[in-house]
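# Architecture and fold: a report
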Amino acid sequence: MKKYDYVLVGSGLFNGVFAYLARQKNKSCLVVEKRDHIGGNIYCEEMEGIHVHKYGAHIFHTSNRRVWNFVNNLVEFNRYTNSPVANYHGEMYNMPFNMNTFSKMWGISTPAEAKAKIEEQRAGVVGEPKNLEEQAISLVGRDIYEKLVKGYTEKQWGRDCKDLPAFIIKRLPVRYTYDNNYFNDLYQGIPMGGYNVIIEKLFEGCDIETGVDYLENKEHYDSLGEKVIYTGTIDAYYGYQFGKLEYRSLKFETQVLDEENHQGVAVVNYTDRETPYTRIIEHKHFEFGTQPKTVITREYPVTWSEGMEPYYPVNDEKNQALYQKYAALGAEEKKVIFGGRLGEYKYYDMDKVIESAFKAAEKELGELE
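This write-up is about the structure you can find in this document. Note that this is a predicted model, so its numbers are computed, not measured.

Another aspect to go through is the sheet that holds strand 9 (residues 207–210). Here we have 5 strands laid out as an open sheet, ordered 9-2-1-10-16, and parallel in their pairing. This sheet does not close on itself; its edge strands, each paired only once, are strand 9 and strand 16 (336–338). Sheet twist, expressed as the mean angle between neighbouring strand axes with direction ignored, is 15°. Sheet topology places strand 10 (residues 225–230) next to strand 16; 3 bridges connect them, and they run parallel. Its bridge partner being in strand 16, Val-228 is matched across the sheet by Val-336.

This paragraph deals with helix 11 (residues 350–365). Counted at 1.5 Å a residue, the expected span for helix 11 with its 16 residues is 22 Å, and the 22 Å between its end C-alpha atoms agrees. Within the sequence span of helix 11, burial applies to Met-350, Asp-351, Val-353, Ile-354, Ser-356, Ala-357, Phe-358, Ala-360, Ala-361 and Leu-365. Looking at the buried positions of helix 11, the neighbouring elements they touch are strand 1 (4–9), helix 1 (13–24), strand 5 (60–62) and helix 2 (65–74). Gly-366 sits one or two residues past helix 11 and shows a positive phi near 85°.

In spatial order, the strands read 7-6-12-13-14-11-15; together these 7 strands make up an open sheet with mixed pairing. Edge positions in the sheet fall to strand 7 (91–94) and strand 15 (312–313), since each has one partner strand and no second. Two elements, strand 12 (residues 267–270) and strand 13 (residues 279–282), share 3 bridges in a ladder whose sense is antiparallel. Paired with Val-268 across the two strands is Ile-280, which belongs to strand 13. In the packing of helix 5 (residues 132–157) onto the sheet, contacts are made with strand 6 (85–88), strand 7, strand 11 (247–257), strand 12, strand 13, strand 14 (294–303) and strand 15, and the angle to strand 6 comes to roughly 95°.

Let us look at the nonpolar core. Counting 56 residues, the largest nonpolar core has Val-7, Phe-97, Phe-102, Ile-144, Tyr-214, Tyr-230 and Leu-245 as the members making the most contacts within it. The dominant element in this core, judged by the number of residues it contributes, is helix 5, at 9 residues. Phe-14, Leu-202, Tyr-348 and Val-353 belong to the second largest nonpolar core, which has 50 residues in total.

Taken as a whole and assessed by the stated rule, the structure comprises 28 aromatic pairs. Ring centres of Tyr-182 and Phe-183 lie 5.4 Å apart, and the angle between their planes is 85°; this geometry places the pair in the edge-to-face category. With a relative accessible area of 24%, Tyr-182 lands in the partly exposed category. According to the relative accessible area criterion, Phe-183 is buried, its value standing at 15%. Each ring, one from Tyr-237 and one from Phe-338, has its centre 5.2 Å from the other, and the planes form 90°; the classification is edge-to-face. In this pair, Tyr-237 is assigned in helix 8 (residues 234–237) and Phe-338 in strand 16, connecting sequence segments 101 residues apart. Through a chain of ring-to-ring contacts, the aromatic side chains of Tyr-214, Tyr-221, Tyr-230, Tyr-237, Tyr-238, Phe-242, Tyr-326 and Phe-338 assemble into a single cluster. Of note, Arg-66 hangs over the ring of Phe-358, and the distance from its end group to the ring centre comes to 4.2 Å. The side chain of Lys-251 reaches across the aromatic face of Tyr-300, ending 4.5 Å from its centre.

Turning to the environment of Asn-100, a few remarks are in order. Of note, Asn-100 is situated in helix 3 (residues 99–106). Taking relative accessible area as the criterion, Asn-100 reaches 23% and is therefore assigned partly exposed. Between the alpha carbons of Asn-100 and Glu-274 there is a distance of 25 Å; along the sequence they are 174 residues apart. Other than its neighbours up to four places away in sequence, Asn-100 contacts Asn-94, Tyr-178, Asp-179 and Asn-180.

About the criteria used
Residues numbered from 1 in each chain as written. Predicted model: local features only at pLDDT ≥ 70, side-chain atom pairs only at ≥ 80, totals over all residues. Heavy atoms only, no water. Pairing = 2+ DSSP bridges. Helix = DSSP H or I, 4+ residues; strand = E, 2+ residues; numbered from the N terminus. Axes fitted to C-alpha atoms, helices over the stretch in contact; angles between N-to-C directions. Expected span 1.5 Å × (residues − 1). Buried < 20%, exposed > 50% of the residue type's maximum accessible area, 1.4 Å probe, protein only. Contact = heavy atoms within 4.5 Å. Core = buried A, V, L, I, M, F, W, Y, C linked by side-chain atoms within 4.5 Å. Phe/Tyr/Trp six-rings, centres within 6.5 Å; stacked < 30°, edge-to-face > 60°. Lys NZ or Arg CZ within 6 Å of the ring centre and 35° of its normal.

Encoded structure:
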C-alpha cells in the first residue's frame, strides 16, 4: 500500500475540485506545487485591504447550475458584473460591442442603423472568413475592427490578425441592445473574500508541499501515490519527445496608487498597437471596495519560452496536431490522469475546468454525492 491514494501535481482549480471530491470518498491526497502558494492562477494577494488577482482578472461566470451550486456551497458570491471598457488613444468605448459602442463610434441611436453600418463595412469580406481579420470585419465592420480589435489582438497573440485563425474571435459577443454585461451566462460574480477562500476549502484535509518541482523528483512522488493527477504541461511530462507545444505568457506590473479610484471600472482594455500592455486591472472594483488607496495591474503579453509561466495554449493546427501525439500517450497511462488547461492543452474558463474535473472524478471515483 502506498502512502496516498492520489498525488496531485499542481494546485489550481482542476486539482482543487478533484481533491475535494476525492476527500469526500475518504481518499488521501498529496498536493505538489511548483509555486510557493496554492491556488494556481486564481490565487489572490492582499494589498491595502484589497484582494489582488495576482495572475490576471478572474471573473466567475457559468450557465451550469450544478457548477454554480458547487462553488456557492464553498463561499458566497457577490453580484459583480463584468463590463470592461476599451481605451483607443483616449477614446472610451463600452465592451462587449453593443449599442453603446455603435452609438459612440458612429453617432447613431438605433439597432437598424448599427446593422446597416456593419453590413456596409463587411461588404469587402467575400465567402467564409479565412482569418481573424476577415472574421472580425464580418462580425463588427471595419471601423470597430481597426480601433478595438486589431491592435489588442495582435499584442495578445504576437502575430498579425491576417495570420491568426478565424475561430479565435467567433465567440466575440455582439449585441444590438444597450447592455454592457460582457457575459451571456446566467450566473456571474466574485467570491466574497477573494478566491483564496475557495482554494482553502477545496484542499482542506490534503497534505501540501509547495516550492517543489514534481518532474525533478518524479520517481519519489510516483512512489508515494497509487495514481497521479497531473495538471502541468503535458509535453514537459513526456520530456518534449515530439517537440514543444507553444504558449503565450504574461507579465504583470502591479502598483499601489495613493488615490481612491483610478479608472472607474475593474478592467480597461488598451486597444491601440502602441501601448505595450493590453489592459489595466483595478482590483478593488471586483468587490466594490471603498479603501482609501487602490491597486492596479498592467498586463503585458509575452512570447513564452521554457521556464516562463505558460498561460494560453496557441491553438493553431500545428500545435493541435502535436498535442494529439501527446494526448495519445496520455490515453495509454493507467496510473496518470491529465487535466486542466496545461494537461489538456485547452483554453478553459473556470466553470469549464470545474466541469472537466467533475467528469474526471466521476470516472475515477464513481458516482458523486
